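These are the residues of each chain, in order.
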Amino acid sequence: MKTSNAFFDNFQKVMNDKIVPVANKISNQRHLAALRDGLTNLVPFTVIGGLALMIANPPVNTQLVKPTNWFNDFLLMWMHWAKANYDLLATPYNLSIGIISIYVVLGVSYRLAQHYNMTAFPNSLVALMTFFAVAAPPTSVKGKLMIDTTQLGSNTMFAAIIIGLLVIEINRVLIKHNIAIRMPKSVPPAVAAPFQVLLPLLINLILFLGLNNIMKATLHTGLADAIFVVFQPLMKAGASLISMTILVEIALIFWFFGIHGDNMISAVTTPIWTAGLVQNLQEYAAHKPLTNIYVGNFTFIFGEAIVYFAIMVSMLVFAKSPQLKSLSHVAWPATLFNINEPQVFGIPTVMNLFTFIPSFICLLIDMPIAYYATTLGLMSKTAMSVPWTLPAPLYAIISTLDWRAGVVWLVIFAIDFAIIAPFMIAYDRQLIKDNSHETTTGK
């Protein structure tokens, strides 16, 4: 036992001294942090847009659904009503996911400007105008200036990220070297800030428009399209079964040492999952087959959420120690809504091999099951963005618009429960033994 404790003490020391500082530096690196925080701002827009899309596009097959009962009557009525009011119902989708790149460039540039203590809003507007000039410049159609909103969706998200970051960096250098209009100190900051970005705006427009036109003349593709081509293979490689399983396990290891694992990997996963989700939503709106599996909260709902739920049910069924028994009665409502901190710090799962080992094994099993259940057509791909606090089985069904996803979730839960329960029983017995020892010794 002493040898085991010494090993984990040394391992924890290595984590705290060597790995955690590096992970924190990566997670808090200003560009990655701006990317993570800027894309996090998109969550309400993807949720509202997804719900609007679901209402406007009922999952009803009119060839299979016949008016034979009240439920089918309701579905058909919903379908006819949605078709008659499609433009109105789809408005939230068109103004959120349909032009998601606008929110991306604003969010990312705003967060990076904040990091540099720059006036965030004027600088983010510079990034927005520069992005428009490159990705979706107005064109004349029958005497009217029109902006092609199809160039503002998932296909230009990475261009929005790159341009948002570069514009702020360029502005910072220009302002630092006084290449900006300086107003007298007596002028209020709210009035002076827009003038400060006037020259940087002009320089950014010249730089990016010049680069865009050179690329069109030489490579026959614009800057936004070129960025999409560069990042598309990286996005596909990053969303593979192996890479996602590794990232999920890394997050679990961080949680084991009391570090917020999801935050540690979010700088890598957020842009991949967000871009994939937006692409799936656009394909669903166009009634096309969905492309991406690992999008939104897929890995959480079919991985970590099931593991913690299995731990909770194990405690509810088998716990006899005062610690786990009382915790299970208090923490289960939070766990039901995917809030797992009561378990993390109450069991605790931190530095606890009784929970870490089965959780690690479960995730190695859960990710392939969910992945192959999707690729083999046993459940649909994620098509909707819904709040992550929705109970996991219901989340699985609504996010995929497929009741079979709920069945897959329950199958994975049954497997995880069978793996986790023996470990939790052993841990419960260990707690009872420790309690009796403390009572006997008076400690």
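Counting starts from 1 at the beginning of each chain's written sequence and moves along it residue by residue. Reporting in this predicted model follows two pLDDT cut-offs: at least 70 for local features of residues, and 80 or more for side-chain atom pairs to be given and counted; totals over whole chains, interfaces and linings ignore these cut-offs and use all residues. To get the side-chain values, all heavy atoms of the structure are used, and hydrogens and water are removed first.

### Quick look at the overall build of the protein
Segments assigned H or I by DSSP are reported as helices when at least four residues long, segments assigned E as strands when at least two residues long, and all are numbered from the N terminus. Assigned secondary structure in the protein consists of 20 helices and two strands. The cut-offs for exposure are 20% and 50% of the maximum accessible area for each residue type, with area from a 1.4 Å probe on protein chains only; residues under the lower value are buried, those over the upper are exposed, and the others partly exposed. Expressed as a percentage of the 443 residues in the protein, the buried residues total 47%. Within the protein, residue pairs in contact and separated by at least 24 positions form 72% of the contacts whose partners lie at least 6 positions apart. A total of about 22,200 Å² of accessible surface is found on the protein, and carbon and sulfur atoms cover 69% of it. Contacts: residue pairs with any heavy atoms within 4.5 Å of one another. Per-residue accessibility takes into account occlusion by the displayed protein chains alone, with areas from the Shrake-Rupley method and a 1.4 Å probe.

### Observations concerning the packing of helix α7 (residues 100-115) against helix α9 (residues 157-176)
With axes taken as lines fitted to C-alpha atoms, and helix axes fitted only over the stretch in contact, angles between N-to-C directions fall between 0 and 180 degrees. Between α7 and α9, the shortest axis-to-axis distance is 8 Å and the interhelical angle comes to 30°. The orientation of α7 with respect to α9, classified from their angle, is roughly parallel. Pair α7 / α9 crosses with right-handed handedness. Here α7 contributes Ile100, Ser101, Val104, Val105, Val108, Ser109, Leu112 and Ala113 to the contact with α9, which in turn contributes Met157, Ala160, Ile161, Gly164, Leu165, Ile168 and Glu169. The class makeup of the residues in the contact of α7 with α9 is eleven nonpolar, three polar and one charged. To sort the angles, those under 35 degrees are grouped as roughly parallel, those over 145 as roughly antiparallel, those from 65 to 115 as roughly perpendicular, and the leftovers as oblique. Note: crossing handedness is left-handed where the near helix turns anticlockwise from the far helix by less than a right angle, and right-handed where it turns clockwise. Throughout this entry, Asp, Glu, Lys and Arg are counted as charged residues, while Ala, Val, Leu, Ile, Met, Phe, Trp, Tyr, Cys and Pro are counted as nonpolar. The remaining residues, Gly among them, count as polar.

### Structural notes on the nonpolar core
We call a set of buried Ala, Val, Leu, Ile, Met, Phe, Trp, Tyr and Cys residues a nonpolar core when their side-chain atoms join them within 4.5 Å. By size, the foremost hydrophobic cluster in this structure holds 58 residues, and its most contacted members are Leu53, Val104, Phe131, Met157, Leu281 and Met384. Those elements that place two or more of their residues in this core are α2 (30-40), α3 (43-56), α7, α8 (120-135), α9, α11 (198-218), α12 (223-238) and α14 (261-285). In terms of domain composition, this core takes at least three residues from each of domain 1 (29-227) and domain 2 (239-442). With residues up to four places along the chain from it excluded, the contact list for methionine 384 reads Gly50, Leu53, Met54, Leu277, Leu281, Tyr284, Ile398, Ser399 and Leu401. Judged by nonpolar contacts, the second largest core, of 51 residues, contains Ile311, Met367, Ile419 and Tyr427. Residue ranges for the domains trace back to a domain assignment, done automatically or taken from a database.

### Concerning α8
A helix is expected to span 1.5 Å for every residue after the first. With 16 residues, α8 extends 22 Å from end C-alpha to end C-alpha; this agrees with the ideal 22 Å at 1.5 Å per step. For α8, the set of buried residues is Ala120, Pro122, Asn123, Ser124, Val126, Ala127, Leu128, Thr130, Phe131, Ala133, Val134 and Ala135.

### What to know about the packing of aromatic side chains
Any two of the Phe, Tyr and Trp rings considered here, Trp counted by its six-membered ring, make a pair once their centres fall within 6.5 Å; the pair's planes then place it as stacked at under 30 degrees, edge-to-face at over 60, or tilted in between. The full count for this structure, using the stated rule, is 15 aromatic pairs. Relative to phenylalanine 360, the ring of phenylalanine 356 has its centre 5.8 Å away and its plane inclined at 50°; by these criteria the two rings are tilted. One end of the pair, phenylalanine 356, and the other, phenylalanine 360, are both in helix α18 (residues 353-375), four residues apart, so they sit about a helical turn from each other. The class of phenylalanine 356 is buried, set by a relative accessible area of 17%. Phenylalanine 360 sits in the partly exposed class, given a relative accessible area of 29%.

### Side note on the environment of isoleucine 301
Relative to the assigned elements, isoleucine 301 resides in helix α15 (residues 298-318). Taking C-alpha positions, isoleucine 301 is 7.5 Å from tyrosine 395, a pair spaced 94 residues apart along the chain. Once residues lying within four places of it in the same chain are set aside, the contact partners of isoleucine 301 are Ile306, Asn338, Ala392, Tyr395, Ala396 and Trp409.

### A few points about the pattern of salt bridges
Any carboxyl oxygen of Asp or Glu that lies within 4 Å of a side-chain nitrogen of Lys or Arg is treated as forming a salt bridge with it. Evaluated as defined, the whole model comprises four salt bridges. Across the salt bridge formed by glutamate 169 and arginine 30, the nearest N and O atoms sit 4.0 Å from each other. With a gap of 139 residues between them, glutamate 169 in helix α9 and arginine 30 in helix α2 connect regions that are remote in the sequence. Exposure remark for glutamate 169: the relative accessible area of 16% places this residue in the buried category. Across the pair arginine 172 and glutamate 169 runs a salt bridge, and its minimum N-O distance is 3.0 Å. Residue arginine 172 and its partner glutamate 169 are located together in helix α9, separated by three residues, close to a single helical turn. Of the residues examined, arginine 172 reaches a relative accessible area of 26% and is grouped as partly exposed.

### Considerations on unusual backbone geometry
Of note in the backbone geometry, lysine 142 takes a positive phi value of approximately 55° without being a glycine. Within the secondary structure, lysine 142 sits in the loop between β1 (139-141) and β2 (144-146). A positive phi angle is found at histidine 220, which is not glycine, with a value near 60°.

### With respect to the environment of methionine 77
Along the chain, methionine 77 falls in helix α4 (residues 70-84). Methionine 77 gets classed as exposed once you look at its relative accessible area, which sits at 54%. Sequence separation between methionine 77 and proline 67 is ten residues; the distance between their C-alpha atoms is 9.7 Å.

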